[in-house]
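Chain by chain, the residues run as shown.
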There are 2 protein chains.
Amino acid sequence: MNRCIFCDIINRESPAEIIYEDEFSIAFMDINPVTPGHLLIVPKKHFRVFTDMDEVSAGELFSAALKVSRAVRRSELKPEGLNLFLAEESAGMQEIFHCHLHIIPRYSGDGFGLKIKYSDETKNQLKINAEKIRKIL
Amino acid sequence: MNRCIFCDIINRESPAEIIYEDEFSIAFMDINPVTPGHLLIVPKKHFRVFTDMDEVSAGELFSAALKVSRAVRRSELKPEGLNLFLAEESAGMQEIFHCHLHIIPRYSGDGFGLKIKYSDETKNQLKINAEKIRKIL
């Protein structure tokens, strides 16, 4: 059986700079921060990817993310903004397969950003793509 | 008074490709998609930024995001993964000041990604930065 580094942190079998914990969620510093104060908020139950989560755990995770994000914004770090980021599957840049949400404090000139390749074709397909999603809901 | 484009969509005063709606949240296609199927999920109540939200609305938004994300993954679009992204304040790349969460389906070679400038100093400050956030919680 493979061990999960986030389950080990939750079970106190691996060290981490934990900053918040409740019944459903735990938040700790990312060991490869992209900006000062970058942290991860994680459901305590092991879900491989976000879309494996149940609705209650997802709701609780985001409520906790809100609390932690407010603390980050009010902290001495004094970020001017923040980003939330979640990666699902390797094609979505997920590296650790225990669902996690990044909270990334933002500062002018911090070098963090998005790489985007817009396509006119994608824009023209808006109605068609919407219908493909509506069909499933 | 400034009008809010997302409030106009919610009130059916501006057109949008709406794909999901419940008591708290609404989801519609992003008119500048970064990949096929890119959509936004938005609280119906007007919050300027994420950290202005209340916990109930935040929890409901993320539960709805889970439902919609599952539909996206199961749809004919057949994405291989997805990203969630939220921007707070201009320093965090927010452009429309009604809190919104991006759901971005991902496909190999779609050109979407992150720009990151890691710094050793940030890494070395982990404990200090953790303490600055813990203090507020």
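Residues numbered from 1 in each chain as written. Chains lettered and ligands numbered in written order. Predicted model: local features only at pLDDT ≥ 70, side-chain atom pairs only at ≥ 80, totals over all residues. Heavy atoms only, no water.

**Structural notes on the overall build of chain A**
Broken down by element type, chain A carries four helices and six strands. Listing each helix as α and each strand as β along chain A from the N terminus yields α-β-β-β-α-β-β-β-α-α. The principal-axis extents of the C-alpha atoms in chain A amount to approximately 50 × 40 × 25 Å. Per-residue burial over chain A gives 58% buried out of 137 residues. Put simply, of all contacts in chain A between residues at least 6 apart along the chain, 51% involve residues at least 24 apart. For chain A, the computed accessible surface area is about 6,300 Å², with 50% contributed by carbon and sulfur atoms. Taking the average location of the 18 positive side-chain charges in chain A and that of its 20 negative ones, the two points are 6 Å from each other. (Helix = DSSP H or I, 4+ residues; strand = E, 2+ residues; numbered from the N terminus. Buried < 20%, exposed > 50% of the residue type's maximum accessible area, 1.4 Å probe, protein only. Contact = heavy atoms within 4.5 Å. Areas by Shrake-Rupley, 256 points an atom, 1.4 Å probe, with all protein chains shown as cover. Lys, Arg positive; Asp, Glu negative; His and termini not counted. Charge placed at Lys NZ, Arg CZ, Asp CG, Glu CD.)

**Here we look at the packing of aromatic side chains**
All chains considered together, the criterion is met by five aromatic pairs over all chains. Measuring from centroid to centroid gives 5.2 Å for phenylalanine 62 of chain A and phenylalanine 50 of chain B, while their planes differ by 45°, and the two rings are tilted. Residue phenylalanine 62 of chain A is found in helix 2 (residues 55-74), and its partner phenylalanine 50 of chain B is found in the loop between strand 3 (39-43) and helix 2 (55-74); the two belong to separate chains. Like phenylalanine 50 of chain B, phenylalanine 62 of chain A is buried. Both rings, one in phenylalanine 6 of chain B and one in phenylalanine 28 of chain B, keep their centres 5.4 Å apart while their planes meet at 65°; by these two values the pair is edge-to-face. With phenylalanine 6 of chain B in helix 1 (residues 5-10) and phenylalanine 28 of chain B in strand 2 (residues 25-29), the pair connects residues that are 22 residues apart, well separated along the chain. Linked through ring pairs, Phe50 and Phe62 of chain A together with Phe50 and Phe62 of chain B together constitute an aromatic cluster. (Phe/Tyr/Trp six-rings, centres within 6.5 Å; stacked < 30°, edge-to-face > 60°.)

**Overview of the interface of chain B and chain A**
Each side of the interface is counted separately: chain B has 74 residues, and chain A has 74 residues. Here chain B packs against chain A, burying approximately 7,100 Å² in sum over the two surfaces, 66% of which is carbon and sulfur. Linking chain B with chain A are 10 salt bridges, by the criterion used here. Between glutamate 88 of chain B and arginine 73 of chain A there is a salt bridge, with the nearest N and O atoms lying 2.6 Å from each other. The tally of links from chain B across to chain A stands at 30 residue pairs in polar contact (both at pLDDT 80 or more). Elements with a minimum of two residues in the side of chain B that touches chain A: strand 1 (18-21), helix 2, strand 4 (81-88), strand 6 (113-115), helix 3 (120-124) and helix 4 (126-134) of chain B. It is helix 2 of chain B that provides the largest number of residues to the side of chain B that touches chain A, a total of 16 residues. (Buried area = accessible area lost by both parts, 1.4 Å probe. Salt bridge = Lys/Arg side-chain N within 4 Å of Asp/Glu carboxyl O. Polar contact = N/O pair within 3.5 Å; in protein donor to acceptor, adjacent residues only side chain to side chain.)

**Some points on the sheet that holds strand 5 (residues 101-106) of chain B**
Strand order across the open sheet formed by 10 strands is 1(A)-2(A)-3(A)-5(A)-4(A)-4(B)-5(B)-3(B)-2(B)-1(B), with antiparallel pairing between neighbours. For this open sheet the edge positions go to strand 1 (18-21) of chain A together with strand 1 of chain B, each flanked by a neighbour on one side alone. Geometrically, the sheet is characterised by an average inter-axis angle of 20° between neighbouring strands, direction not taken into account. (Pairing = 2+ DSSP bridges. Axes fitted to C-alpha atoms, helices over the stretch in contact; angles between N-to-C directions.)

**Quick word on helix 4 (residues 126-134) of chain A**
Among the residues of helix 4 of chain A, those classed as buried are Leu126, Asn129, Ala130 and Ile133 of chain A. Seen from one end, helix 4 of chain A has its buried residues packed into an arc of 105°, which puts them on one side. (Arc of directions from axis to C-beta.)

**Quick word on the nonpolar core**
Ranked by size, the top nonpolar core spans 58 residues in total, and within it Phe62 of chain A together with Phe62 of chain B carry the most contacts. Residues contacting phenylalanine 62 of chain B, with those up to four places away along its chain left out, are Phe50, Ala58, Leu61, Phe62 and Leu86 of chain A together with Leu84 and Leu101 of chain B. Listed in part, the 12 residues of the second largest apolar core include Val34 of chain A together with Ala87, Phe112 and Leu114 of chain B. (Core = buried A, V, L, I, M, F, W, Y, C linked by side-chain atoms within 4.5 Å.)

**Focus on the pairing of strand 2 of chain B**
Residue and element names in this part refer to chain B. In terms of burial, strand 2 is a largely internal element, five of the five residues being buried. Both faces of strand 2 are covered, namely the face carrying Ser25, Ala27 and Met29 and the face carrying Ile26 and Phe28. Here strand 1 runs beside strand 2; their pairing, made up of three bridges, is antiparallel. Across the sheet, residue isoleucine 18 finds its bridge partner in strand 2, namely phenylalanine 28. Linking strand 1 back to strand 2 in an antiparallel pair, the connection comprises three residues. As judged from the five bridges shared by strand 2 and strand 3, these two strands associate in the antiparallel manner.

**Let's talk about the packing of helix 2 of chain A against helix 2 of chain B**
Put simply, helix 2 of chain A and helix 2 of chain B touch, their axes get as near as 7 Å, and they point 135° apart. As judged from the angle between their axes, helix 2 of chain A and helix 2 of chain B are oblique. As helix 2 of chain A packs across helix 2 of chain B, the resulting crossing turns out to be right-handed. Across the interface between the two elements, Glu55, Ala58, Gly59, Leu61, Phe62, Ser63, Leu66 and Lys67 of chain A of helix 2 of chain A pack against Glu55, Ala58, Gly59, Leu61, Phe62, Ser63, Leu66 and Lys67 of chain B of helix 2 of chain B. Across the contact of helix 2 of chain A with helix 2 of chain B, the residue classes tally to eight nonpolar, four polar and four charged. (Parallel < 35°, antiparallel > 145°, perpendicular 65-115°, else oblique. Left-handed = near helix turned anticlockwise from the far one by under 90°. Nonpolar A, V, L, I, M, F, W, Y, C, P; charged D, E, K, R; others polar.)

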